[in-house]
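# Tertiary structure, described
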Amino acid sequence: MAGDDDRLSALGDDLLRRILYYAPAREAASTSVLSRRWGSLWRSTGAVNLAVRVHDDRSHFSYSDPRREEAEEAFFSRRDAFVLAAKAALAAAAAAGDDARVTRLTLCVEADRDEEVNMFIHGDRDWRRADRDVVGAVFSHPAASRVEELRVAAVDTFRDLFPDEVRGYIGIYRLASLPWETLRVLDLTNCFELAPPPAAAASLRLASLRLRRCSVRLRDLQALMDGAPELAAVHLESVFFVMAPPASDDITTTSAEPTVVHLRCRSATALVLTLCGQGEEYGQEHGDGNWAIEIDAPRLRSFRYKGVLRRFVLRRSSAPETMAVERVNLHFLKERRSYHEHLDKQQRRDEDDVARLLFWQFVHNFTSAKTLKLNVTNLNFIAVKGEARRAELLCVLHNVERLELEAVHDPTGKIAAVAIANLLRCCPIVHDLRLKLTTVPFDSFKDSTYGREFLEWKDRSGYDKSVNCFMDHRSKRTIAIPMDDDNGDRYDEVSDIRGLSGRSFTCLQSSLRRVALQFRLVKSDNCFGVRLIKFFAENAMVLKEICVDSGNRRLCEHMNLNVEKWISPTKACLKCKNLTEGLWEFSRIPTGSLHSATDLGQSTTGFTILPLRR
């Protein structure tokens, strides 16, 4: 905006209402001071978005300190003021006009600890009457009786740091009733009881369901999905399925088999199932990880799973409405063990065999996928040796065009080579392959500030050296950037990969056109990432592009400038072009400073070889 030119007010009312539709209620109401026109706009959006960040200062004072009582009074005063403001916002939205009604209602209570969130929602000045219900107080307002989009979140930011499968009851608030007649979008976080729609209710209009860190009875969840013929998107994240007694039809269990959780999602086209757990309603509160999943979803097109390897069955039929699952994202975690639980060599081998069997049985459910993303903590899951064993476990993924693998591998790369070979064998028409490999164990942890200044200096200096070398050779037709580092280690002598080199794969002969690799360059002439680049350059006959992220910015020490000599002259040749014509291309560093953990983690620099002309 220049001078007094108010271009925002020049926008139409419908567009401004759409902008204010997503604004928090306090900020939306504050626009009333701009003009009389703005005063009516925020009330007529049909949305009320309530949000509060909870701060409980009582923990700073001992119980005998009089300031603790003052902090407690201030805490509950802020809570009471928030409830009054929420009701006022709902009343204002409902009174905006004859046809006015609230169609979108969101409530977000956020704190660092769940104790603070729980105290805000249920606490009272008299601890003997700690049965308040802020969520119920807001939703009991008449203006909330016919909402179409409902989002409620009680967010404990601390628990988000531990992404494991849930093993017990979770949740802070309950919802005794919901406007099922009008509801189309339901998004709940930290709800411990979700009342199902009445049995006599007409067909529900619900189209999207998202539950995060919730406890829900499986039979109630199933009743909800069965009664919603338009429910296309189901997102279940860290949901604890409360099971009925074993005699119920909800579960199938014997002394020899794990509990099986059955989910019918007859109308769902997108299903997310991540970090979920289960346990009995009348019995032990905490469940275990030994359970299986059966999904009945004939219209499913997209599926994402995150959790430990377990038995999984996707029920399909030959009915006309049955669709092919095209997008699949599988993230398999390693089941955590007690520090006192140790396995000998044979036990570890047996455990790997079971995991390998479960992995390939899981993948067998998605032979129609066009995009397959795999994230594994142990490449032993994928590596299958021996023709007989491969014939028994592997499946052909006829339609996979894009394959992504993110995995932890051993420094030698022996198991990784077998795993990659298995995937190439299973995907005969893949044309886009992306591999993100690391040797860092999945459960390793360093504080976000670890070595920050040193790493920033090292990262920046390495990048500067690479760019200087690159610019010095821009005008030369023969590239001669030195291939050794400061310690004399060289990267121009690269060995083959046992298990990959010398083998023939259909995709390498006819379909693989793009390869993207991300790995940490190590000071060894047998760096697995370097050897992979050599393998694909030599064997992928229709390859057009290779993208490399070496995990640091010292690209002058990378193997990328040897790709042209790795392409066999008997098969094809790579035309050398002047660097100004774009054969080699550095990705650029963001101009901003690296002062956050996110920036530091994303400060790697890639290298693209484009195109490969044969």
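Quick caveat, the model's predicted, so the values are computed rather than measured. (Residues numbered from 1 in each chain as written. Predicted model: local features only at pLDDT ≥ 70, side-chain atom pairs only at ≥ 80, totals over all residues. Heavy atoms only, no water.)

### Things to note about the overall build of the protein
Per the secondary structure count, the protein includes 15 helices and 25 strands. For the protein, the residues scored as buried account for 48% of the 614 residues in total. The contacts in the protein between residues at least 6 apart in sequence include a share of 76% that link residues at least 24 apart. (Helix = DSSP H or I, 4+ residues; strand = E, 2+ residues; numbered from the N terminus. Buried < 20%, exposed > 50% of the residue type's maximum accessible area, 1.4 Å probe, protein only. Contact = heavy atoms within 4.5 Å.)

### So, the packing of helix α4 (residues 66–94) against helix α5 (residues 114–122)
Pairs of packed helices are described in terms of their axes, by the angle between the two and the distance that separates them. Two elements in contact, α4 and α5, have axes separated by 9 Å at closest approach and are oriented at 60 degrees. On the basis of the axis angle, α4 is oblique to α5. Where α4 crosses over α5, the handedness of that crossing is right-handed. The residues of α5 that touch α4, namely those facing F75, F76, R79 and F82, are E116, M119, F120 and I121. Here the contact of α4 with α5 is built from residues that sort into six nonpolar, no polar and two charged. (Axes fitted to C-alpha atoms, helices over the stretch in contact; angles between N-to-C directions. Parallel < 35°, antiparallel > 145°, perpendicular 65-115°, else oblique. Left-handed = near helix turned anticlockwise from the far one by under 90°. Nonpolar A, V, L, I, M, F, W, Y, C, P; charged D, E, K, R; others polar.)

### A closer look at unusual backbone geometry
What you tend to see is this: most non-glycine residues have negative phi, and most peptide bonds are trans. We note that N190 has phi near 70 degrees; this positive angle belongs to a residue other than glycine. Summarising the element assignment, N190 is placed in the loop between β5 (185–189) and β6 (191–194). For N190, a relative accessible area of 6% translates into the label buried.

### Focus: the side chain of H122
With respect to the element layout, H122 can be found in helix α5. Given the relative accessible area of 17%, H122 is considered buried. Polar side-chain contacts of H122 include one of 2.7 Å to the backbone oxygen of I172. (Polar contact = N/O pair within 3.5 Å; in protein donor to acceptor, adjacent residues only side chain to side chain.)

### Observations concerning the environment of L11
Of note, L11 is situated in the segment before α1 (13–20). The residues touching L11, leaving out its near neighbours within four places in the chain, are L16, I19 and R37.

### So, the pattern of salt bridges
By the definition in use, this model includes 34 salt bridges. The closest approach of N and O atoms between R58 and E72, which form a salt bridge, is 3.3 Å. Placement of R58 in the loop between β1 (47–53) and α4 and of E72 in helix α4 is noted, with a sequence separation of 14 residues between them. For E72, a relative accessible area of 23% corresponds to the partly exposed category. For E392, the salt bridge goes to R389, with nearest N and O atoms at 3.0 Å. Within this pair, E392 and its partner R389 are both found in helix α9 (residues 387–393), separated by three residues, close to a single helical turn. (Salt bridge = Lys/Arg side-chain N within 4 Å of Asp/Glu carboxyl O.)

Honestly, it's all geometry; don't read function into it.
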